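Chains, contacts and geometry: an overview
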Amino acid sequence: MHHGAHRMEPVHFACELQRAECLELLLQKSPTAVNAVDRKKRTPLHIACATGDLECVQILLKYGADVDCKDKSAETPLHKAARRGSKEVVLQLCERENLAVNRRNKRQQTPLLVAAEEGHAYVVKALLRCGAIFSGRTTDGLDVCAMAARSGDLKLLEFLVMDQHAAPAGQSLIDDLPNYSSAMHEAASAGHVECVEFLHVVSPGDLDTRSRRHGKALYTPLMCAAMGNHVNIVRYLLSAGA
């Protein structure tokens, strides 16, 4: 049975509205509906993970939901759970054998990059424990440290750098792709002064690195801060020798 322009089934609505008991009844009646897709190619599991409803997720998994299916954005249910910041749902999905934990969406984001962009430190840590690969960049050229810096989550950034997931302290956080935007550039652009200060301490060589933003001219962190009118960051970078 299809409903409205979005071609959603009753199981989709049950997940969207977090009606676990109704979901169970619907699947008892029609088990094959567990992997029904709407016009965005979302399954009920996509929707349950997006809402962070652990009970619905557990029911869907019990009925054999496909954990690696992609929607129109090429996102898996794990992407949705990572964006939501639901550690419990992420861990539940990671219990499945052969889960594609490093699958990329259309922006070339893995679930790890999605979680870092949203500043969900606990989800980032959970994904790393589940085998997520630290390396990789989005179509915008951002790695996981740059995503964390953009979100302004200092504790997450400290974890990624100091726990040796990124370059060790004292070494540059710029890799062999200098034209991409670095963590320092993203922190400066977004106005996160504490992140800028931390990154300068652990990687002072990045201060004057020029990185490409949006495929245009090469900018230094100081230029990024000035364009965003982030006075405190401009002041700090000038005092640091920029």
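Structural notes, computed from the coordinates. (Residues numbered from 1 in each chain as written. Predicted model: local features only at pLDDT ≥ 70, side-chain atom pairs only at ≥ 80, totals over all residues. Heavy atoms only, no water.)

Let's talk about the environment of Glu194
On the secondary structure map, Glu194 appears in helix 12 (residues 193–202). Spatially, the C-alpha atoms of Glu194 and Leu154 are 7.0 Å apart, while their sequence positions differ by 40 residues. (Helix = DSSP H or I, 4+ residues; strand = E, 2+ residues; numbered from the N terminus.)

A word on helix 14 (residues 231–239)
Listing the buried residues of helix 14 in full gives Ile233, Val234, Tyr236 and Leu237. Viewed end-on, helix 14 has its buried residues packed into an arc of 165 degrees, placing them on one side of the element. Counted as exposed and oriented over 90 degrees from the buried face of helix 14: Asn232, Arg235 and Ser239. Those residues of helix 14 hidden inside the fold are in contact with helix 11 (183–190), helix 12 and helix 13 (221–227). Residue Gly241 follows helix 14 closely and has a positive phi angle near 110 degrees. (Buried < 20%, exposed > 50% of the residue type's maximum accessible area, 1.4 Å probe, protein only. Arc of directions from axis to C-beta. Contact = heavy atoms within 4.5 Å.)

Structural notes on the packing of aromatic side chains
Under the defined criterion, the tally for this structure stands at 0 aromatic pairs. Here the guanidinium or amino end of Lys125 rests over the ring plane of Phe159, the centre of that ring lying 4.9 Å away. (Phe/Tyr/Trp six-rings, centres within 6.5 Å; stacked < 30°, edge-to-face > 60°. Lys NZ or Arg CZ within 6 Å of the ring centre and 35° of its normal.)

Describing the environment of Ala132
Counting through the fold element by element, Ala132 comes out in the loop between helix 8 (121–129) and helix 9 (144–151). Note on Ala132: relative accessible area 10%, which makes it buried. Spatially, the C-alpha atoms of Ala132 and Asn102 are 5.8 Å apart, while their sequence positions differ by 30 residues.

Digging into unusual backbone geometry
For Gln18, which is not a glycine, the phi torsion comes out positive at approximately 60 degrees. Checked against the element boundaries, Gln18 lands in the loop between helix 1 (10–16) and helix 2 (20–29). With a relative accessible area of 41%, Gln18 lands in the partly exposed category. Although it is not a glycine, Asn98 sits at a positive phi angle of roughly 60 degrees. With respect to the helices and strands, Asn98 occurs in the loop between helix 6 (87–94) and helix 7 (111–118).

Describing the pattern of salt bridges
For the structure on display, the rule yields 8 salt bridges. As a salt-bridge pair, Lys62 and Glu24 come within 3.0 Å of each other at their nearest N and O atoms. A residue pair is termed long-range when its members are at least 10 positions apart, and Lys62 in helix 4 (residues 54–62) and Glu24 in helix 2 qualify at 38 residues. The exposure class assigned to Lys62 is exposed, which follows from its relative accessible area of 55%. Using a relative accessible area of 17% as the deciding quantity, one classes Glu24 as buried. (Salt bridge = Lys/Arg side-chain N within 4 Å of Asp/Glu carboxyl O.)

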